[in-house]
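Residue strings, one per chain:
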Amino acid sequence: MQLRHLLPLLLSLFLLPLASQAQTEAPKELVLNQEQLAKYGQTYKTAEVRHLRQFLNTYTDHRQDVSPAEERAASVLDELKIDKKILKGKFLVYLFSNFLGGGKGVSIVSQDHPEVKLDFWVYKIEDNECEVRDLLLQADKRDIEAFKIVYRNYLHHKTLYM
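In what follows, the accompanying structure is described. (Residues numbered from 1 in each chain as written. Predicted model: local features only at pLDDT ≥ 70, side-chain atom pairs only at ≥ 80, totals over all residues. Heavy atoms only, no water.)

1. Structural notes on the packing of aromatic side chains
So the rule is basically this: Aromatic pairing here means that ring centres of Phe, Tyr or Trp (its six-membered ring) are within 6.5 Å. Orientation follows from the plane angle: under 30 degrees is stacked, over 60 is edge-to-face, and everything else is tilted. Secondary structure elements follow DSSP: runs of H or I of four or more residues count as helices, runs of E of two or more count as strands, with numbering from the N terminus. Throughout, exposure labels follow a simple rule: accessible area from a 1.4 Å probe, protein chains only, divided by the maximum for the residue type, with under 20% read as buried, over 50% as exposed, and the rest as partly exposed.
For the structure on display, the rule yields 8 aromatic pairs. Between F55 and F120, the ring centres sit 6.2 Å apart and the planes meet at 75 degrees, which makes this aromatic pair edge-to-face. On the criterion of sequence distance, the pair formed by F55 in helix α3 (residues 47-61) and F120 in strand β3 (residues 117-126) is long-range, its members being 65 residues apart. Residue classification places F55 among the buried residues on the basis of a relative accessible area of 2%. Taking relative accessible area as the criterion, F120 reaches 1% and is therefore assigned buried. Between Y94 and Y151, the aromatic rings sit 5.6 Å apart at their centres with planes inclined by 75 degrees, giving edge-to-face as the arrangement. Note that Y94 is positioned in strand β1 (residues 91-98) and Y151 in the loop between α6 (144-150) and α7 (152-155), a separation of 57 residues in sequence. On the basis of relative accessibility, which here comes to 27%, the residue Y94 falls in the partly exposed class.

2. Regarding the sheet that holds strand β2 (residues 104-110)
Filter applied, for reference: At least two bridges found by DSSP between two strands is the condition for calling them paired. Fitting a line to C-alpha atoms yields each axis, with helices limited to the stretch in contact; the angle taken between N-to-C directions then spans 0 to 180 degrees. Throughout, a contact is declared for two residues whenever any of their heavy atoms are within 4.5 Å.
Read from one edge of the open sheet, 4 strands run β1-β2-β3-β4, paired in antiparallel fashion. Strand pairing shows two members of the sheet lacking a second neighbour, β1 and β4 (129-136), which therefore form its edges. Put simply, the sheet's adjacent strands are angled 30 degrees from each other on average, direction ignored. Pairing analysis gives 7 bridges linking β1 to β2, with the strands arranged antiparallel. In the sheet register, F91 faces β2, and the bridge partner there is S110. Contacts from helix α4 (residues 71-80) reach β3 and β4 within the one sheet, and its direction differs from that of β4 by about 40 degrees.

3. Here we look at the nonpolar core
Rules: Side-chain atoms within 4.5 Å link the members of a nonpolar core, which is a set of buried Ala, Val, Leu, Ile, Met, Phe, Trp, Tyr and Cys residues.
F55, L56, L77, I108, L118, F120 and M162 are the most contacted members of the largest nonpolar core, which totals 34 residues. Taken together, the elements giving at least two residues each to this core come down to α3, α4, α5 (84-88), β1, β2, β3, β4 and α7. Counting residues per element, this core draws most heavily on α3, which supplies 6 residues. Beyond its immediate sequence surroundings of up to four residues, L77 is in contact with F55, L56, Y59, I82, L87, L118 and L135.

Here it is, written out as structure tokens:
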């Protein structure tokens, strides 16, 4: 009976060193093979990513021309007060996935300022036309220095950026 009460304590004492070792282990650089790199490169050619770049350009160059459907995302950008030079810069597509409400979740990271990570909801409406429905504010718990190491080959890639 007492052993059953001690089991959680013993497990935690066993797992604690493993957790601390995992935290101190050096981050490993991501290396994609040719096939993986080609598949990842296709992400930048999608209507959603191309439209997101267009949205950022419109926002930085002519804020007043942002469409009413995309005003929510623009308003969030207004609140964030990100330097427009950063928004006009190159971005790595960090995450591209199906969004629960339809459309795609597109997370981008500034190549020159990797501390700037933005999570957008981009929705394809018709005929390959898209709209940026929202900019989602999420806690960014990345270790920026570890991120730079892991994505070193792709953060400043000469052809893979938006």
